[in-house]
Amino acid sequence: MYNNNNDGGGGGGGSANGNTMQQRRKTTTRSRSKQHQQQQQCTSENVIEKNQTNGAQNERLHFRGSSKDSALSTPLLPRSRSTTSAINSPSPLCCNGGLSILNCCRDVNCHLNAPLRGSVESSRSRRSESRQSSLTATPTTTPKQASPSPTISERSRSCSGSRSRSCSCDGRLVDCHKHSAAAAAASTAAPQFTVNLSIDLFSWTLFLLAFCTRFYKLATPPHIVFDELHYGKYIAHYMRNIFFFDQHPPLGKQLIAGLVSLAGYDGNYTFSRIGAAYAPDVPIFWFRFIPALCGSLLAPAVYRLLLEARLHRWAAALGGLLVVLDNSLLTQSRFVLMESMLLLASTLGIACLLRFQRCRLGSLQWLCNGSAAGVLLACAGAVKYIGFLALALAGYLLCRHLWQLLYDASLTNRQLWMHALSRLLLFVGIPIAVYIGVFYVHFRTLHRAGPHDSIMTSAFQASLEGGLASITSGQPLAVVHGSQITLRHTHGRTCWLHSHAAVYPVRYKDKRGSSHQQQVTCYSFKDVNNWWIVKRPERDDLVVGEQPDVIQHGDVIQLVHGITSRALNSHDVAAPMTPQCQEVSCYIDYEIKMAGELLWRVEILNRKSEGDSWHAIKSEIRLVHESTGAALKFSGRQLPDWGFNQHEVVADRDQVHEDAIWNVEEHRYTKTQDQRERERQLLSAEMIPTKRTKLSFWAKLLELQTKMFWHGKHLQAHMYSSLPHEWPLMDKGIAYWLDSQSSAQIYLLGNVLIWYTASAGILVYAALLAFYAVRRRRLCFDVSQHEWQRFLMAGDTFFVGYLMHYLPYYFVDRTLFLHNYLPAFVFKLLLLCFVVEHLDYLLRRHCSGRGVHLVRVYRLALLLWLLAVGSVFVKFLPLSYGARKMTIEEVRRLRWKDTWDFILQKNYALN
C-alpha cells in the first residue's frame, strides 16, 4: 500500500516510488523462493518415484501389500525435514511399498526376509538386474492412491509446468514435456477391438527352406517305399470301409485317407510289395502331401518352442535350421509315414504348454494355449503310441509348475485347487476325449469285414457287415447236448481247441514221462479237427432231440472230439512244456487200470449280460476239470516237432486267468447217431458264422485296445532292425527302397555331424548340471540367477524329454528301428541349441579384456561347424531323395561306417 504524507508532493512521490520498488523486490524474492521450493519438492518427489519404481521392479513377486502402510499415502505438502531425511535414507523398500529400516513387511516372500529363506544371492542378482532394467524401462502410470493429496504423476506434471527446461529423474535428464506427453498418450483409451498382424521372418524363412526340401520331387520315386506298403493298405481299407488291424492308433492314416479321397482315390490299388510301381490312377503326390507338410512345419515349430523356452532368437533359428539340414527328418517326411505328424504335434504341444504356464489363470490366452496343448499332445498319441510320452513330459512339467505355485503366498487354497483341477481337465480330459473320438470315427468308418477279422473275438467279427455273421447265419444260438462246436481262445492269440490222432511221446527230452494219450493243442488255423461235440455224462447218444437239452451255468459235461470220437481228458501228469500244470489229452483206454477223468464243469463268466444259458459266440466260458479243479488254459508255449509246432493246452489250478477263457464260434446240431455219417458231415461242412450281433462302441474299443497292446510284442525280426544303444551314434540305418535298374536307393541316415554333436551336447549339459549343483551347494554362484533358472528350464523341457523318449526302449521286447529314435533326437537337438547358447553366455561372462577374442573364436567355429553341417547334408541327399542313379563307387564313398548296409545291384560287395 501507498502511504499518504502531508509533508510535500515531491517528498511524498519519492517515498511512494521507493516503497513500490521495495515491494516489487519482495514479490520477486518470494516468487523465486516459491520456485526454488517447488524445484526441491519436484526433486524429492522424483526420488520417491524412483524408489517406488525400483522397489516394484526389484521384487516382482505377486504378493499382497497394504496401501495403508505406504509412505506416499500421506500428504507431501507441507514437507518436514524428518520426512525428507527418511526419503533420502537408504532404507529398504517393502513389497507393500512402505519405507522402513525394520522388517515391517509380514510377507515371508518379501526381499527383506530373503536371508531367512537362504536366498541372499538370489535377491542380490534380482536387484542388480532390476536396477539395470530400470535404466531402460518405459514410464508407466502408477495406480491412484486413496490419499486426498495429488498423485505423484500429477505433481510431476505440475512441476514440469513450473520449470521450462528439465527435471532430474532416476539419475539422468528427462524432458518433462516429453514425459507429460507420454503420460497423456498412455491415458488415452485404446479401441476395444484391435487386430495386430506380425510376421516373423525367421519363422517364414525356415518354413520355406523346409518346404522346398520336402516337396522337391515328392512323387519320386513312383514306387512303394518301405512302410508305405502297410500304411497304403490301411488307407485303401479306409476307402472301402473294410476293417483292418494295426498296432498304432489311426489318426495319421485317417488324415491321409481323407485327403486322397478328395483327390479321387478309390482304394482299389493293391499294395503288393516294397518297390512295386504305383498304378497311374494312384495320386502319389497327395498320398505324401500331409507327411511332407508336417515335416515342413516342424522347422518353424522347433524355432517357436525354443523361443518359448526363453532362448535367444539366433539360437532358436539355429534349431530350426538344424531340423532342415538333417537327412533323417527329410527322408521320414517325404513318404507315407507317421513320424513327421507325430513330431509336429509333440513339438507344438510342448510349446503351447510353456506359454500356458506363463498366462494368468482364467484368461483367454490361458484357455486357448491350454486347450491347444491338450489337443496337440493327444493328437501325437493318436498318431503313434510313442506320442503319449510327450504327454507324460507335459504332466511332469505341470506338476513341477504346481509345486512352484505352492510357494506363492498370494494364492489362496481355492486358487491352488483351481490351478490343479483346471490342469486335470485340460491335460487329462481333452486327450481322453480326442483319443476316444478318433476311435469312434475309426469304428464308424470300418464297418465291413476284412482280412484281419480273425485277430478279433467271435463277437467282434459277428458285429461286422459280411464277417462272421455271413458264415454263422442260421446257426442255433443255445449250446445243448449234441451240439457240434468249435472253441476259440477268446483273448490273446487267435487259435482254436484242437486234437488229432497223434499221441504224446513216451518220454520228453528232459527224461520226464507222459501219459502217451492223444494230443490236445491250440491251432491257429481253421481245420476239421477243431470240432467237438457236447455230451451229457449220463446219456449215451449224441443226437439233439426235438426238445434240446440246453447247457446251463454250472452243468457238468463231456467234450468228445468230432473226428476221433475220444473225450477230452486231464489227470495228474505234468504238461509237456509247462510241467507246473497238468497235461490235457483225449483219453485212450490202454487197459492199464488208468481210468479216464472226462468231466468238465461249465462256468459262464459274463452271465450277467448273456444269462445263465450257454450261447454261441457271446458267452465267455471257463471249463473246470471236476476231478482236480484245474481250468482248461492256453499256455502260449509252442510244441516241438512232435506236436507239429502247434501251441500247448494245459489244465491250471489257478483258474482266474485270461488265457482260460473260451467261447463257441461255430455251432450246429448233431442230426445222426452214426459215427461215420457224422464224420462225413463234419468233413463236408462249410468252415465257418446267428445274425449280425450288436456290440457296443465301448466293448469294441476295450477289445481293440487289448489286442493292440498284446499284438505289438509279437512282431517278427527284421534284417534292418537295431537296438537302442546303436541309435545315438547312428550305427545302423534302414534301406527304404532300391532302384531295380541301378544302385539308386533311399537309405534312412541322419546328418552325421548333427547326430554326433547333439550326443556330445547331452554329455556337456549333464556335466554342467552336476558342476553347477555342487558349486551352488558350496554357495559359489558361477552364473546369474536368471541364467540358472533358464538352465533348469531347459533341463526340465529338453533333457528330461530326451530321457523320457529314449530310455523306455531299453525295456521294450519287440523289433525296433532307427526311426523309433527320432522323437528323442528332436529333444536332443533342442538341448544342443541351448548348450550352444549357454557356452556363448559363459564366454561373454568370464572372458574380458584380451579374453574377448575367445568369444569371437567360438562364434567363428560355430559358423564353420554350420557350414560343415550343410556340406554333409548335401553330400547325402542322393540317399534321401533316391532320384539320381549312382555308380558303385559313389555308393562306396558314402559308406562312412562299416555297419551301414547299403545295397548294390548285381551282388556287388562294398568291401
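Trainee: Any details on the overall build of the chain? Residues and values, ideally.
Mentor: Counting secondary structure elements, the chain contains 28 helices and 16 strands. In the chain, buried positions account for 49% of the 911 residues. Taken as a whole, the chain presents about 45,200 Å² of accessible surface, with 58% of it coming from carbon and sulfur.

Trainee: Run through the nonpolar core, naming residues and quoting values.
Mentor: Core analysis: the largest hydrophobic core is formed by 157 residues, its most contacted members being Ile 256, Phe 287, Leu 322 and Phe 798. Of all the elements, helix α25 (residues 822-846) adds the most residues to this core, at 15 residues. Other than its neighbours up to four places away in sequence, Ile 256 contacts Ile 235, Phe 287, Ile 290, Pro 291, Val 336, Met 338 and Met 341. Counting 29 residues, the second largest nonpolar core, distinct from the first, contains Val 479, Leu 497, Ala 616 and Ala 651.

Trainee: Describe the pattern of salt bridges, with residues and values.
Mentor: Tallied over the entire structure, the rule returns 27 salt bridges. Here Arg 400 makes a salt bridge to Asp 796, at a shortest N to O gap of 2.6 Å. Relative accessible area serves as the criterion here: at 29%, Arg 400 is assigned to the partly exposed category. Take Asp 796: its relative accessible area is 9%, and that puts it in the buried class.

Trainee: Describe the environment of Asp 572, and please don't skip the residues or the numbers.
Mentor: Position of Asp 572 among the secondary structure elements: in strand β8 (residues 568-574). Looking at Asp 572, the relative accessible area reads 66%, which means it is exposed. For the pair Asp 572 and Ser 627, spaced 55 residues apart in sequence, the C-alpha separation works out to 9.6 Å.

Trainee: Could you give me a rundown of a nonpolar patch on the surface, with the residues and numbers involved?
Mentor: On the surface, Trp 417, Leu 421, Leu 424, Val 428 and Ile 432 cluster together to form a nonpolar patch covering roughly 530 Å² of accessible area. Tracing the backbone through its elements, the reader meets Ile 432 in helix α17 (residues 413-445).

Trainee: Let's hear about the state of the cysteines: which residues, and what values?
Mentor: Per the counting criterion, the structure on display carries 1 disulfide. Residue pairing for Cys 495: its cysteine sulfur links by disulfide to Cys 522, the two sulfurs lying 2.1 Å apart. Taking the sign of the S-S torsion, about 85 degrees here, the bridge from Cys 495 to Cys 522 comes out right-handed. Taken as a pair, Cys 495 in the loop between β3 (483-489) and β4 (496-503) and Cys 522 in strand β5 (residues 518-523) lie far apart in primary sequence, 27 residues in all.

Trainee: Which residues make up the packing of helix α23 (residues 752-777) against α25, and what values go with them?
Mentor: Packing of α23 against α25 leaves a shortest axis separation of 8 Å and a crossing angle of 60 degrees. The orientation of α23 relative to α25 falls into the category oblique. For the pair α23 and α25, the crossing hand works out as left-handed. Taken together, the residues of α25 that come into contact with α23 (itself represented by Ile 754, Trp 755, Thr 757, Ala 758, Ser 759, Gly 761, Ile 762, Val 764, Tyr 765, Leu 768 and Tyr 772) are Leu 822, Phe 825, Lys 828, Leu 829, Leu 831, Leu 832, Phe 834, Val 835, His 838, Leu 839 and Leu 842. Among the residues making up the contact of α23 with α25, the classes are represented as 17 nonpolar, 4 polar and 1 charged.

Trainee: Explain the packing of aromatic side chains to me, using residue names and the numbers behind them.
Mentor: All chains considered together, the criterion is met by 57 aromatic pairs. Pairing Phe 211 with Phe 215 gives two aromatic rings, centres 4.2 Å apart and planes at 25 degrees, and the pair type is stacked. Linking Phe 211 with Phe 215, this pair stays in helix α7 (residues 201-215), spanning 4 residues, or about one helical turn. Using a relative accessible area of 12% as the deciding quantity, one classes Phe 215 as buried. Taking 5.9 Å as the distance between ring centres and 80 degrees as the angle between the ring planes, the aromatic pair formed by Phe 271 and Tyr 278 counts as edge-to-face.

Trainee: Outline the packing of α23 against helix α24 (residues 785-806), listing residues and values.
Mentor: Where α23 contacts α24, the axes come no closer than 11 Å and their chain directions differ by 135 degrees. Regarding the angle of α23 to α24, the classification is oblique. For α23 against α24, the interelement crossing comes out left-handed. On the side of α23, the interface is formed by Ile 762, Tyr 765, Ala 766, Leu 768, Leu 769, Tyr 772, Ala 773 and Arg 776, while α24 contributes Gln 785, Trp 788, Phe 791, Leu 792, Ala 794, Gly 795, Phe 799 and Tyr 802. Taken together, the residues of the contact of α23 with α24 sort by class into 13 nonpolar, 2 polar and 1 charged.

Trainee: Let's hear about the environment of Gln 741: which residues, and what values?
Mentor: Its location among the elements puts Gln 741 in the loop between β15 (734-738) and β16 (745-748). For the pair Gln 741 and Lys 885, spaced 144 residues apart in sequence, the C-alpha separation works out to 8.8 Å.

Trainee: Report on unusual backbone geometry, specifying residues and quantitative values.
Mentor: Note that the residue after Thr 220, namely Pro 221, is joined by a cis bond; omega there is 0 degrees. Position of Pro 221 among the secondary structure elements: in the loop between α7 and α8 (228-239). Phi angles above zero are rare outside glycine, and Lys 511 is one such case at about 75 degrees. With respect to the helices and strands, the residue Lys 511 is situated in the loop between β4 and β5. Note on Lys 511: relative accessible area 65%, which makes it exposed.

Trainee: Account for the side chain of Asp 227, naming residues and giving values.
Mentor: With respect to the secondary-structure elements, Asp 227 resides in the loop between α7 and α8. Despite its burial, Asp 227 pairs with no opposite charge; the closest candidate is Lys 384, at 6.2 Å N-O. Not counting the four nearest positions on each side in its chain, Asp 227 is found in contact with Val 336, Leu 337 and His 819.

Trainee: Account for helix α15 (residues 364-383), naming residues and giving values.
Mentor: Taking 1.5 Å of rise per residue, 20 residues should cover 28 Å, and α15 covers 28 Å from first to last C-alpha, within 8% of that figure. The inward-facing, buried residues of α15 abut α9 (251-262), α14 (339-357), α16 (388-405) and α17.

Trainee: Describe helix α12 (residues 313-324), and please don't skip the residues or the numbers.
Mentor: For α12, with 12 residues, the first-to-last C-alpha span of 17 Å sits near the 16 Å given by 1.5 Å per residue. Burial within α12 is extensive, with 9 of its 12 residues counted as buried. Turning to α12, its buried residues number three or more, namely Ala 315, Ala 316, Ala 317, Leu 318, Gly 319, Gly 320, Leu 322, Val 323 and Val 324. For α12, the elements touching its buried residues are α7, α11 (289-308), α13 (327-333), α23, α25 and α26 (852-875).

Trainee: Quick rundown of the pairing of β16? Include the residues and the values.
Mentor: In β16, alternate side chains face the same way, and those of Gln 745 and Tyr 747 on one face and Ile 746 and Leu 748 on the other are all buried. Between the end of β15 and the start of β16, which pair antiparallel, lie 6 residues.

Trainee: Hey, could you go over the pairing of β15 for me, with residue numbers and the actual values?
Mentor: The element β15 is largely enclosed, with a buried count of 4 among its 5 residues. The pairing of β15 with β16 spans 4 bridges and is antiparallel. Within β16, the position partnered with Ala 735 by the bridge is Tyr 747.

Trainee: Residues and numbers for the confidence of the model for the chain, please.
Mentor: For the chain, the average pLDDT comes to 80, and 75% of its residues sit at 70 or higher. Within the chain, no element has a lower average pLDDT than strand β1 (residues 167-169), which sits at 38, and none a higher one than α11, at 97. Taken together, the stretch residues 686-691 has pLDDT below 50 and engages in 30 contacts with residues farther than four places along the chain or on a different chain.

Conventions used here
- Residues numbered from 1 in each chain as written.
- Predicted model: local features only at pLDDT ≥ 70, side-chain atom pairs only at ≥ 80, totals over all residues.
- Heavy atoms only, no water.
- Helix = DSSP H or I, 4+ residues; strand = E, 2+ residues; numbered from the N terminus.
- Buried < 20%, exposed > 50% of the residue type's maximum accessible area, 1.4 Å probe, protein only.
- Areas by Shrake-Rupley, 256 points an atom, 1.4 Å probe, with all protein chains shown as cover.
- Core = buried A, V, L, I, M, F, W, Y, C linked by side-chain atoms within 4.5 Å.
- Contact = heavy atoms within 4.5 Å.
- Salt bridge = Lys/Arg side-chain N within 4 Å of Asp/Glu carboxyl O.
- Patch = residues over 30% accessible without salt bridge, like charges linked within 9 Å, V, L, I, M, F, W, Y side chains within 5 Å.
- Disulfide = S-S within 2.5 Å.
- Axes fitted to C-alpha atoms, helices over the stretch in contact; angles between N-to-C directions.
- Parallel < 35°, antiparallel > 145°, perpendicular 65-115°, else oblique.
- Left-handed = near helix turned anticlockwise from the far one by under 90°.
- Nonpolar A, V, L, I, M, F, W, Y, C, P; charged D, E, K, R; others polar.
- Phe/Tyr/Trp six-rings, centres within 6.5 Å; stacked < 30°, edge-to-face > 60°.
- Lys, Arg positive; Asp, Glu negative; His and termini not counted.
- Expected span 1.5 Å × (residues − 1).
- Pairing = 2+ DSSP bridges.
- pLDDT = per-residue confidence, 0-100.

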